[in-house]
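Residue-level listing of the chains:
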Amino acid sequence: MFAVLSLLALLQSPTTLEQAQPRRGGERAVYNGRANATSVRAPKLETRQGDVVIDGSLDEPVWRDAALLTGFSLYAPIDQRPAPDSTEVLVWYSGSAMYFGIRAFEPHGGDAGVHATLADRDRVSGDDNVELHLDTFLDRRRAFVFIVNPLGVQADGMKSEGGGFIPGSNVMPGQNDLSADFLWQSKGRVTPWGFEVEIRIPFKSLRYAARDVQDWGLQIQRNVQHSGYQETWTPARKASASYIGQEGRLAGLTDMHHGEVLELNPELTSTTAGARRAPAGGVPGEWGYVRTDALGGNVRWGMTSNFVLNGTIKPDFSQVEADATQIATDLRFALFYPEKRPFFVEGSDQFNVPNTLVYTRQIVHPTAAAKVTGKVGGTDLALLSAVDDQQISRTPGTNPVATILRVRRDFAGQSTAGVLVSDREEGAAAYNRLAGGDLRLVFGRLYFAQLQLVQSTTLLDGTVHTGPMWEAVLDRTGRAFGFHYNVIGIHQNFSAWNGFVPRTGYVQPSLANRFTIYGRPGALFERYNVFVSTSGLWLYDDFFKGKSLLEDKISASNEFLLHGGWSLNLNPTLASFAFDPRQYASLVVPGTQPFQYTPFVPSPRITTLVVGARVNTPIYQQFDASVSTSTGSDVDFTETSRVHRLDAGASFNWRPTDKLRVNGSYVSSMLTRRADDRVTTRIRIPRVKLEYQLARPVFVRFVGQYATTTGDTLVRDPRTSLPLFTPGGSAGFQNVLRTPVTAFRVDWLFSYRPTPGTVFFAGYGSSLTEDDPLAFSKLRRVNDGFFVKASYLFRM
C-alpha cells in the first residue's frame, strides 16, 4: 500500500532533484543505462566562464548532458555483491578541466545517516567520502586520488602498486598516500536524501601522456562509515594482484589544454627560539630568546603534461605537525617516521623502491634541493639532488650532497623493471654509493613475483666497505586463500645513507598464508581472516655456512569483522631468540676482586610467547575508538634477560560538532625482569590533539604529548643481577645505563590555508620536564619558540 501511495504522489507532482529516487546498486557497472559498461565516453562540453559555478548543486544545464555512472558493487568487507547504497556520478570535461558530480543516496536520510564534518584538508577518513581514482597514463600501476566528504572538504594524493613503503608516507603499496596536495575545486552539501558534491579538476594539476587522444583509467570508490562498507563503480574483486588494474576507462578525451605551468611559492618565516642562558658565577642563567628571519621559496615548472621540475631554496617546514612518539617493541632498531615535508612528498611515488632504499628524511635540513619527475612512454624517470646542512655531516665542515636516480620501465601488462642509483657525498673522507635493480612480474591475475639485487660501497673512517642486499618474493592474492613467501639477505657491510635499513647482517626467509571465510549477507559475522606466518633469521655468513639460526618466529593473526563496522583481533606469537656475542663484546661484569672485570656472556636461547588483542569500534557520527593490549613472556635485548611484557594502548576520535575534533591516545609498555621481579623499562605516552575549524580554510590546533620512561636505570647481568659495564670513565669502565625520560611537549597553531601553497601560520611550542613523571606539579621549561610563516602560490 505504501508503494502505491508513493507512486501516486510522484505522478501528481513534477520530480525535482530533492525528490529524485536513487537507482539501485548492482553487481555490474552501469554507464548511461548500459550494464557491464566499464568504458565511458565522457562528453566534451564547451562552457563560458561563469556557466558552471562549483557550489555543490548540480543544477546548471550542462550537467544534463554529462555521462551517468551507476551500478556500484560491494568491495569490502565482502566483494562480488551488489552495493546496498545507491550512488550516481556524472562526468564531463571541457578544454581545461574534468568535472564530476556526485549524488550519494543514504537510506537512513541525510541528517541521520551521513557522516560529515568541516574537517581540515586530508582529514576526512572519519566522514563518508567518495574517492576518484584517475590513472592518467593508463598504466594500471599508479593513479591520482581525489577524495571529497559530503561538504566537499578535500583529500588528495596518489595510489601506487609495487615496490615498498612509498618515500614520503607510511603506507604500503596499494594504499592511498595523501602526502601530496593538488589545486582543484569542490563543494558539497547534505540533502534530505543523502549528499551531493560538485568537483572541478584542472588539467594543469594532473600529469598525463602527450597524445592527441587520451584514454584514462577511472575507478570510483564510496566509503560508507555507518556500515564500514567500501563500494566501487567497476566491480573490484579481492582475488586479484592489483586493485588499480580493475579500473574502468575514460575513453576518447581530446583537445585538452595543459600547457606549461609555472608556480612560484615564496616563503617568509620568523622564528623566535627560547632557552635558558648558561649559568655565570653559580647563578642560573636567565631565560632568553633569539630571533631568526628567513626568506626562501619553491618553484615548480610543469614543462609538459608529463614532466615536472621542482626546486627549493632554504625550505621551511614549520607547518608540519610534530611526529607522534612511538614505542619501539624491539629496542635494537630505529623507528620509521613518515615524510611530511611538501617539497619531498610531491612525486615521491616515482622514487618508490622495495625495502625503503629511498627515505628522504635522511636529508635533514637542506639549504637547496631540486628534482625532476616524469614519464616517457612506459618509462618513469625521477632524479633528486639536495645539499644538506653541515651539522649532520659525518665529515665536519662539509655539506652532504645527496643524489638519487630512479628509473622504472613498464612491460607485459602490469609488470615493471627498475634501476636505482643513490649517492651521498660528505666531503672527501666519507661517502655511500649504491646501485641495483628490481623486477616485478604480475601473472595469472592473482600472482606476482618480485626480485631485487643492490650493491653498496661506503667509505667511512678511512675504510671502504662493500656489501649486497637481495630479496625474492612470491605472492598470491586469492579471495579465500593467499600467500606471501619471501627471502631477504642484507650483508653486514651494506649501507644506505639515503634510505631506511634498520638492520643489516642477516638472511631471513618468511612464509605467510592467509585464509578468509565470508559470512552471509546481513549476518552478524561478515569476514574472518587468519594470517599464519613463520620466519627464521640467520646471521648473513652463518646462513651460507649451514650454521644454526639466530631467531625464529611463528604467529597467527586473527581478524574478526562484524556487521556494522566492529572488528576484533587476536594475535599470538611464539618465538625464540639467541644472541650474537659480537653485539655484546664490549660489555663486562664485575669480578670477585675490586676493579676486576670479566667479559659478559649473553644468555642462552630464550623462548617467548606474547599474545596481543585489539578491538575497534565502528566509526559513528561523533565517535570512534580502539583498545589494544599484549602480554606474555619476552626478552630485554639490552641485557639478554627474560622479562614479562605488558603493553596497553587506547585511542579515540570525538567529533561533538561538525567543526570540533578531539583525538586522544595513550600507549604504554612495561618490561619486568623475571629473575628479580624488577621493572626494567616502563614507557607511558599520553597524547591529545584538539582542532577547531573556524571555516574551511582556517583552524586552530593544540597538541599536548607527555613521554616518560622509567625503571631500573642499571643494565644488569641476568645471571647475577650485577650491573654491566662498558669501557670509559675515569676508572676505565662505566655503568651501562638506561636513560630516564620525562618530556612534556605542547604546541599551538593557527592555520589559514585557502589553497595548497598559500598559507599563513602562527604557532608556539614549548618543551617542559619535571622530576616526578606525570605529576604535572613542578613542570619547568627546557625550551620554547614562536614562529610566523607566510607564503603565497603564484600559478602562471
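Residues numbered from 1 in each chain as written. Predicted model: local features only at pLDDT ≥ 70, side-chain atom pairs only at ≥ 80, totals over all residues. Heavy atoms only, no water.

Attention shifts here to the overall build of the chain. Assigned secondary structure in the chain consists of four helices and 46 strands. When the 796 residues of the chain are sorted by exposure, 51% land in the buried category. Taking all contacts inside the chain whose residues are at least 6 apart in sequence as the whole, residues at least 24 apart take part in 62%. For the chain, the accessible surface area stands at approximately 35,200 Å², while carbon and sulfur atoms represent 59% of it. (Helix = DSSP H or I, 4+ residues; strand = E, 2+ residues; numbered from the N terminus. Buried < 20%, exposed > 50% of the residue type's maximum accessible area, 1.4 Å probe, protein only. Contact = heavy atoms within 4.5 Å. Areas by Shrake-Rupley, 256 points an atom, 1.4 Å probe, with all protein chains shown as cover.)

There is a patch of nonpolar side chains on the surface, built from L262, L264, V299, W301, L309, Y792, F794 and M796 and spanning about 670 Å² of accessible area. Put simply, the parts of the chain that give the nonpolar patch at least two residues each are strand 18 (261-276) and strand 19 (287-302). Mapped onto the elements of the fold, Y792 is located in the loop between strand 45 (780-791) and strand 46 (794-795). (Patch = residues over 30% accessible without salt bridge, like charges linked within 9 Å, V, L, I, M, F, W, Y side chains within 5 Å. Salt bridge = Lys/Arg side-chain N within 4 Å of Asp/Glu carboxyl O.)

Right, let's talk about the side chain of Q225 for a bit. Here Q225 is to be found in the loop between strand 15 (213-224) and strand 16 (229-232). Those residues in contact with Q225 that sit more than four places away from it in its chain are H115, S125, G126, D127, D128, N129 and I619.

Moving on: unusual backbone geometry. Glycine aside, residues mostly have negative phi angles, and peptide bonds mostly take the trans form. Cis geometry is adopted by the peptide bond preceding P77, which originates at A76 and carries an omega value of 5°. Looking at the element boundaries, P77 is found in the loop between strand 5 (73-76) and strand 6 (81-82). Residues other than glycine seldom take positive phi values, yet T640 does so here, at roughly 55°. Along the chain, the position of T640 falls in the loop between strand 36 (623-636) and strand 37 (641-654). In this structure, D677 takes a positive phi of about 60° despite not being glycine.

Inspection of every chain in the model, using the stated rule, returns eight cavities of 30 Å³ or more. If you add up the space inside the second largest cavity, you get close to 210 Å³. R142, F144, M158, R207 and Q350 are, among the 20 residues lining the second largest cavity, the residues nearest its centre. For the lining of the second largest cavity, the secondary-structure elements that each account for two or more residues are strand 10 (142-148) and strand 21 (368-376). The element best represented in the lining of the second largest cavity is strand 10, accounting for three residues. Per-class residue counts for the lining of the second largest cavity are six nonpolar, six polar and eight charged. (1 Å grid on protein atoms, 1.4 Å probe; cavity = no way out; pocket = protein on both sides within 12 Å on 5 of 7 lines; lining within 4 Å. Points joined across faces, edges and corners; volume = space filled by probe spheres on them. Nonpolar A, V, L, I, M, F, W, Y, C, P; charged D, E, K, R; others polar.)

Counting across every chain of the model gives 37 aromatic pairs. Consider the rings of Y584 and F600, whose centres lie 6.1 Å apart with planes at 65°: the pair is edge-to-face. Residue Y584 is located in the loop between strand 32 (567-577) and strand 33 (588-590), and its partner F600 is located in the loop between strand 34 (597-599) and strand 35 (606-616); the two are separated by 16 residues in the primary sequence. A single burial state applies to Y584 and to F600, both of which are buried. Here a set of aromatic residues connected by ring pairs shows up, and it is made of F443, Y447, F481, F483, Y485 and F515. Residue placement shows R503 over the ring face of Y506; its charged tip is 5.8 Å from the ring centre. (Phe/Tyr/Trp six-rings, centres within 6.5 Å; stacked < 30°, edge-to-face > 60°. Lys NZ or Arg CZ within 6 Å of the ring centre and 35° of its normal.)

So, about the nonpolar core. In this structure, F100 and L250 are the most contacted members of the largest nonpolar core, which totals 38 residues. Contributions of two or more residues to this core are made by strand 4 (67-70), strand 7 (87-93), strand 8 (97-105), strand 9 (129-135), strand 10, strand 14 (194-202), strand 15 and strand 17 (248-254). Each residue touching L250, except ones within four places of it in the same chain, is listed here: V40, A42, V91, M98, L134, Q214, D215, W216 and L218. Core analysis: the next-biggest nonpolar cluster, separate from the first, contains 26 residues, F344, L434, Y506 and L539 among them. (Core = buried A, V, L, I, M, F, W, Y, C linked by side-chain atoms within 4.5 Å.)

This brings us to the pairing of strand 18. Judged from the 16 bridges that link them, strand 18 and strand 19 form a sheet pairing that is antiparallel. Residue pairing for strand 19: G274 is matched across the bridge by Y289. Sheet topology note: the strand 18/strand 46 ladder contains two bridges and is antiparallel. Along strand 46, the bridge assignment pairs L264 with F794. Sheet analysis places strand 18 next to strand 45, joined by nine bridges and oriented antiparallel. Bridging across to strand 45, T271 finds its partner in F787. (Pairing = 2+ DSSP bridges.)

Take the environment of G704 next. Tracing the sequence through the fold places G704 in strand 40 (residues 698-710). Here G704 falls in the buried class, since its relative accessible area comes to 7%. With 61 residues separating them in the primary sequence, G704 and G765 have C-alpha atoms 9.7 Å apart. Residues contacting G704, with those up to four places away along its chain left out, are P686, R687, V688, R745 and V746.

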